[in-house]
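If you want the building blocks of each chain, they are given just below.
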Amino acid sequence: MNLTVIGTGYVGLVSGTCFADSGNDVTCVDIDEQKVAELKEGNVPIYEPGLEPIFARSIREGRLRFTTEMEQAVTEADIVFLCLPTPPGGDGQADLSAVMSVAGQIGPLLEDYTVIVNKSTVPVGTADRVRDAIAEEASEELFDVVSNPEFLREGAAVDDFMKPERVVIGANSERAAELMTTLYEPFVRSGNPIITMDTRSSELTKYAANAMLATKITFMNEIANICERVGANVDNVRRGIGTDSRIGKRFLFAGIGYGGSCFPKDVQAIHHTAGEHGYNFKIVDSVMEVNNWQKTSIVRKMEAHYGTDDFSGMTFGMWGLSFKPETDDIREAPALYIAEELVSRGAKLIAYDPEAIGTFKQATSQDVLEATTFVHNQKEALDDIDALVICTEWNEFRRPTVDNFADEMKQPVIFDGRNLYDLDRARKAGITYISVGRPEVN
Ligand code: UGA
């Protein structure tokens, strides 16, 4: 099929590349000339495992192209994907200006039947708004607007795209639903379902999925907080409940709160949508409140440990800056908040992350930049520190280290926001180890 993807951000680039890899002819359009020039050179601007080889192959074999010119790309396409940014607007609802601006340009370009797909996460009713905008300049027989939400996880996006657990297609016409089903069939050969529904249900499905997952994590974070107070261990509770298939084993890991570009924004947006329709979605309100508190919970543990909120003269190592492993994305990363809190209490930091030092430097405050030394391997972040603070569970932090901390650190004290180490090993290694929802090792 001839596909056009408008917007070469994270979702657009992954979708365009994976569609091209599965044999479609894909043209990616972006207004950013420099970005398009880079992409044409074969440079992938994001860190996403597994993307680069299939990107390079698809370009080499002529199935993946990049342009700043929307006109021809839209006219020739069977399906046009809108993969445009929908950042949170001032009122908590997603800002649709990019989507609506592109939608406004599509109508005059349509010559044959074309399906326009919203892949961005958009408020309920956006497919109708996009349809109305296009219909101002094009006959209604020429196109349908479909909602096809994305369930990719950063760091696992290629795998998630190639082998989705489900594909959701919101279409108010049979013809559009059939075309979309044909496009996605190669990705669900294992028997996973393509679920078709109306556009509004599909739009809400995306928000409901992310809000449910954020709630699940937050629930476990609260159980962890209770564990700390009653002397239980959240690892045991997790295993005890996760084996109930109605609850499930995944997404039950307590930590220092969820971050990223999706959960925080989508939880806020579904709350806003409910409010607009006269419904107070109370549970997600609590989820947001608890998550904000959880992000700096580790700093309160440090205060309790040292018996002061004045950390002047102290230096802390920080392992992990990105909001989760396998990405350089630091949006809403707990590390940003933790660094700010520690520096505001007078601490100096030595920070290491395998991928996210550059993005962290761009996003953090001048105060944090001045108080932080960034180093290029995890060991350097242990030199002469008072304690290590672990914010992201990169695999390289898990491996050998717990047994050696006592030798490598001046003070073997670890505040672990991601529960990387076994408590018995930490005890045997002779370190002070304070994690989340588990007894302290002293
Ligand atoms: C999330 C969803 O998982 C995707 O399905 C969705 O497509 C995507 O948002 C989106 O809307 O685009 P992502 O934000 O990449 O994907 O990351 P996740 O792997 O879901 O992690 C989100 C946050 O939850 C991270 O901060 C992670 O550390 C935290 N988390 C996750 C926990 O604290 N505990 C867990 O057990 C799992």
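Since we're looking at a predicted model, the values are computed, not measured.

Parameters at a glance
- Residues numbered from 1 in each chain as written.
- Predicted model: local features only at pLDDT ≥ 70, side-chain atom pairs only at ≥ 80, totals over all residues.
- Helix = DSSP H or I, 4+ residues; strand = E, 2+ residues; numbered from the N terminus.
- Rg over C-alpha atoms; globule rule 2.2 N^0.38 Å.
- Buried ≥ 20, exposed ≤ 12 C-beta atoms within 10 Å, placed from the backbone.
- UniProt positions renumbered as here; feature names shortened; annotations may be inferred.
- Axes fitted to C-alpha atoms, helices over the stretch in contact; angles between N-to-C directions.
- Parallel < 35°, antiparallel > 145°, perpendicular 65-115°, else oblique.
- Left-handed = near helix turned anticlockwise from the far one by under 90°.
- Contact = placed C-beta atoms within 7 Å.
- Nonpolar A, V, L, I, M, F, W, Y, C, P; charged D, E, K, R; others polar.
- Domains from an automatic or database assignment.
- Pairing = 2+ DSSP bridges.
- Near = placed C-beta within 6 Å.
- Core = buried A, V, L, I, M, F, W, Y, C linked by C-beta atoms within 7 Å.

**Focus on the overall build of the protein**
Scanning the protein from N- to C-terminus turns up 19 helices and 14 strands. Since a compact globule built from 442 residues should have a radius of gyration of about 22 Å, the 24 Å found for the protein is in line with a globular shape. In terms of its C-alpha atoms, the protein occupies a principal-axis envelope of roughly 70 × 45 × 40 Å. By residue count, 45% of the 442 residues in the protein fall in the buried class.

**Some points on the UniProt feature "active site" (unreviewed entry) in the protein**
As annotated by UniProt and renumbered to match this structure, "active site" (unreviewed entry) occupies Cys 262. Tracing the sequence through the fold places Cys 262 in the loop between helix H10 (234–242) and helix H11 (263–276).

**Some words on the packing of helix H9 (residues 199–230) against H10**
As a packed pair, H9 and H10 sit with axes 9 Å apart at the nearest point and diverge in direction by 135°. It follows that H9 is oblique to H10 by the angle criterion. Considering only the axes of H9 and H10, their crossing is right-handed. Across the interface between the two elements, Met 220, Ile 223, Ala 224 and Cys 227 of H9 pack against Val 234, Val 237 and Arg 238 of H10. Its residues placed into classes, the contact of H9 with H10 shows 6 nonpolar, no polar and 1 charged.

**Description of the domain arrangement of the protein**
On domain assignment, one finds that the protein holds domain 1 (2–197), domain 2 (207–293) and domain 3 (296–434). Look at where the C-alpha atoms of domain 1 and domain 3 centre, and you get two points 38 Å apart. With 4 residues of domain 1 in contact, the opposing surface of domain 3 contributes 7 residues. When grouped by side-chain class, the residues that make up the side of domain 1 that touches domain 3 number 2 nonpolar, 1 polar and 1 charged.

**Concerning the UniProt feature "binding site: substrate" (unreviewed entry) in the protein**
UniProt records the feature "binding site: substrate" (unreviewed entry) at Phe 151, Leu 152, Arg 153, Glu 154, Lys 206, Phe 251, Leu 252, Phe 253, Ala 254, Gly 255, Gly 259 and Lys 324, using the numbering of this structure. For this annotated set, covering 174 residues, the C-alpha atoms extend up to 23.8 Å from each other, a dispersed arrangement in space. Residue Phe 151 is classed as partly exposed on the basis of its 17 C-beta neighbours within 10 Å. If we skip the residues at most four places from it in the chain, Phe 151 touches Asp 160, Pro 164 and Ala 209. Mapped onto the elements, Ala 254 comes out in the loop between H10 and H11. Those residues in contact with Ala 254 that sit more than four places away from it in its chain are Met 220, Asn 221, Ile 223, Ala 224, Val 234, Asn 419, Val 436 and Gly 437.

**Digging into the sheet that holds strand S8 (residues 194–197)**
Taken together, 8 strands build an open sheet; the order of strands is S3-S2-S1-S4-S5-S6-S7-S8 and the sheet is mixed. Two strands lie at the open edges of the sheet, namely strand S3 (64–67) and S8, each paired on one side alone. Averaged over all pairs of adjacent strands, the angle between strand axes in this sheet comes to 25°, irrespective of strand direction. Those strands touched by helix H8 (residues 174–184) are strand S4 (79–82), strand S5 (114–118), strand S6 (143–147), strand S7 (167–171) and S8, and its axis lies near 160° from that of S7.

**Remarks on the site of the ligand**
Near the ligand there are 20 residues, and of these Glu 154, Phe 253, Tyr 258, Gly 260 and Cys 262 occur at the shortest range. Counting residues per element, the shell around the ligand draws most heavily on H9, which supplies 3 residues. Taken together, domain 1 (2–197) and domain 2 (207–293) each give at least three residues to the shell around the ligand, which thus spans both.

**Regarding the nonpolar core**
Inside soluble globular proteins, nonpolar side chains tend to come together where they are buried. Val 80, Leu 82, Ile 116, Met 318 and Val 389 are the most contacted members of the largest nonpolar core, which has 123 residues in total. With 8 residues, H9 is the single largest residue contributor to this core. The contact partners of Val 389, leaving out residues within four places of it in the chain, are Ile 298, Phe 316, Gly 317, Met 318, Ile 338 and Phe 415.

**Considerations on the sheet that holds strand S13 (residues 413–416)**
Taking strand neighbours across the sheet as the criterion, the 6 strands line up as S11-S10-S9-S12-S13-S14 in an open arrangement whose pairing is parallel. The strands lining the two open edges of the sheet, one partner per strand, are strand S11 (372–374) and strand S14 (432–434). Recorded for the sheet is a direction-independent mean angle of 20° between the axes of neighbouring strands. In the sheet, strand S9 (residues 315–319) pairs with strand S10 (residues 348–352) via 5 bridges, with the strands oriented parallel. The partner of Trp 319 across the bridge, within S10, is Tyr 352.

**Side note on unusual backbone geometry**
Negative phi values dominate among residues other than glycine, just as trans dominates among peptide bonds. With a phi angle near 65°, Glu 326 is a residue other than glycine that sits in the positive phi range. Inspection of the secondary structure puts Glu 326 in the loop between S9 and helix H14 (334–344). With phi around 60°, Asp 384 is a residue other than glycine that occupies positive phi space. Checked against the element boundaries, Asp 384 lands in the loop between S11 and strand S12 (387–390).

**Some thoughts on the pairing of S3**
Only one face of S3 is buried, namely the one carrying Leu 64 and Phe 66, since none of Arg 65 and Thr 67 on the opposite face is buried. Here strand S2 (residues 25–29) pairs with S3 via 4 bridges, running parallel. Considered in S3, the bridge of Cys 28 is made with Phe 66.

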